[in-house]
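Read off the chains here:
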Amino acid sequence: MNRKFYIILLALGFFVNIGIQSKAQFLDDEFCGNNEILNLDVRKKPWKGANSFLYDYLKKINYSDDIDSIRYLVPLKFWIYQNDDGSIGLSDSTLKRFMDELNYYQQLNKTGFRYYIREIERINKTKRIKLGYFLEAPWQSFVHKDKGCINVFVTQTIKKRVWGEKYMVRGTFNTVTDAVLIQYNSSTTGLSHEIGHYFGLLHPHRNYNKGKAKQESVSRTRAFKGIFKKGLICEKNGDGLADTPAEPKLSHLVNNDCEFIGKSLKDRWGDNYQSKTDNIMSYPTHYRCRKVFTEGQKAVMLYSASQNKYAPFWTTAQAENLVYRFDKYEPDNNKETATIIDINTVQQHSFHKIFIPENDKLVFDKEDWLTFQTENTKGKTINITLNYQNTDNKQLSIIIFDEYMHLLKEKKVSQNKTTINLPIKTSAKSQYFILIKNNKNPVNHAFIYQISVQIL
Ligand SMILES: [Zn+2]
């Protein structure tokens, strides 16, 4: 798409947004700002009006809800807005929490997706840490856009102003630039929700305030009766998925126990709503109620991913992509994001490659940081053991620091099993850092190693 056309689209999005937003009934509860724009999403959806397409697809790819089979390793590029002097930004440790939460909900729901950080770019611009929703946000996501990954923009606030009223948008997905935008203080499911949009999901309450032509009916068997419109209403209206019950916007309809309290509300056909409150794509009063992706939603995401231009580089079905196989402790590339390793436990880590299209630079995971604490163990010895299966084992080194980053020991990993012993000189509580350094690009496969810390 050329630049001029893009700008026209952005401007169009701007006006259409204003027009539709003015009709919305609940203006005080914006969570994810893209509901209006998604109404105009014209991308082809073969499951619309025929959800059987999704279940056939799951069968075709041998999807099973019992197995957490990882099918796509998707890189994310983070663009983090902060002050001119670099202050007020998303810290690395918060970013690690974002990633942990994102992957936690993927694992919980066995979505088949895992996400890793491709790159973090910090933009020091005070005037951008409060990003305007209608123009600034789409514009920023247009000028900063990398290929082969999902671009995620993180800022302090996303401001939305409609007819003089101000709203805070916690996160949004821009269908024109395909970008995810999210505030520093996003909910635990915030990224899962926005990336859900990236992979084709709509809000279950979509068009809840519209007429019979667009509103999703509570009944799962109610069908269109017209000459031109056929099929089940629940498979066409709303989010177009029969396995997410019809729901009004849940912002004021969920109690502290995550129960739906809008059962007296009726749809346009007179049926009472029986909504759930736990869907990640919904807007329940309390975001902590959200934890579920339904089978239909997972199918939409998996199918959409398979249609992505970069699917051949994200899919684990290609043996050569195993080089991108990262471990569940990522990101842990610096002291701030060091993974806590409990004494007497074993962790398995890997050094993986990072997918960047059309890039001949060698981009790979170079450092893993771990941390642990000791207390009341004066006179004993810390024993760190690293097991490493790779035959070419000269590329790793292991470095130990104390909490003030004084170097305590450094050792090249020269055998498949390498141990380090450190005498403990104090009975006070002290923290240690372990740095495992990878000095070589993993060409064919990710390097896997196990590490454990014992006090002997
Ligand atoms: Zn949303």
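Residues numbered from 1 in each chain as written. Predicted model: local features only at pLDDT ≥ 70, side-chain atom pairs only at ≥ 80, totals over all residues. Heavy atoms only, no water.

(A) Representation of the overall build of the protein in the model. Per the secondary structure count, the protein includes 8 helices and 17 strands. Taking all 456 residues of the protein together, the buried fraction comes to 54%. The long-range fraction of contacts in the protein, counting pairs at least 24 apart against all pairs at least 6 apart in sequence, stands at 74%. (Helix = DSSP H or I, 4+ residues; strand = E, 2+ residues; numbered from the N terminus. Buried < 20%, exposed > 50% of the residue type's maximum accessible area, 1.4 Å probe, protein only. Contact = heavy atoms within 4.5 Å.)

(B) Fine view of the pairing of strand 8 (residues 179-183). A large share of strand 8 lies buried, amounting to 5 of its 5 residues. Neither face of strand 8 is exposed, since Ala 179, Leu 181 and Gln 183 on one face and Val 180 and Ile 182 on the opposite face are all buried. Pairing of strand 7 (residues 171-174) with strand 8 involves 4 bridges; the strand directions are antiparallel. Across the sheet, the residue bridging to Asn 174 is Ala 179, located in strand 8. Counted between consecutive antiparallel strands, the loop separating strand 7 from strand 8 contains 4 residues, among which Asp 178 sits at a positive phi close to 60°. (Pairing = 2+ DSSP bridges.)

(C) Local environment of helix 4 (residues 92-109). Taking 1.5 Å as the rise per residue, helix 4 with 18 residues should run 26 Å; its terminal C-alpha atoms sit 26 Å apart, in good agreement. Listed in full, the buried residues belonging to helix 4 are Asp 92, Leu 95, Lys 96, Phe 98, Met 99, Glu 101, Leu 102, Asn 103, Tyr 105, Gln 106 and Asn 109. Among the residues trailing helix 4, Lys 110 stands out with phi positive, at a value near 50°. (Expected span 1.5 Å × (residues − 1).)

(D) A look at the state of the cysteines. The tally for this structure, following the rule as stated, stands at 1 disulfide. Each disulfide pairs two cysteine sulfurs, and for Cys 258 the partner residue is Cys 289, the sulfurs being separated by 2.1 Å. Judged by the torsion about the S-S bond (-85°), the Cys 258/Cys 289 disulfide is left-handed. Placement of Cys 258 in the loop between helix 6 (190-198) and helix 7 (295-307) and of Cys 289 in the loop between helix 6 and helix 7 is noted, with a sequence separation of 31 residues between them. Owing to a relative accessible area of 22%, Cys 258 belongs among the partly exposed residues under this scheme. (Disulfide = S-S within 2.5 Å.)

(E) Layout of the environment of Ile 70. With respect to the secondary-structure elements, Ile 70 resides in the loop between helix 3 (52-60) and strand 1 (72-82). Along the backbone, Ile 70 and Arg 114 are 44 residues apart, and their C-alpha atoms lie at a distance of 6.9 Å. Those residues in contact with Ile 70 that sit more than four places away from it in its chain are Gly 112, Arg 114, Thr 316 and Arg 325.

(F) Quick peek at the nonpolar core. If you look at the biggest cluster of nonpolar residues, it comprises 69 residues, and the most contacted ones within it are Phe 78, Tyr 115, Ile 150 and Phe 199. The biggest single contributor to this core is strand 1, with 8 residues. What Tyr 115 contacts, discounting residues up to four positions off in sequence, is Val 74, Leu 76, Met 99, Leu 102, Asn 103, Gln 106, Ile 150, Ile 195, Phe 199 and Phe 326. Residues Ile 341, Ile 384, Ile 434 and Ile 436 belong to the second largest nonpolar core, which totals 22 residues. (Core = buried A, V, L, I, M, F, W, Y, C linked by side-chain atoms within 4.5 Å.)

Remember that the coordinates give geometry; whether it matters functionally is a separate question.
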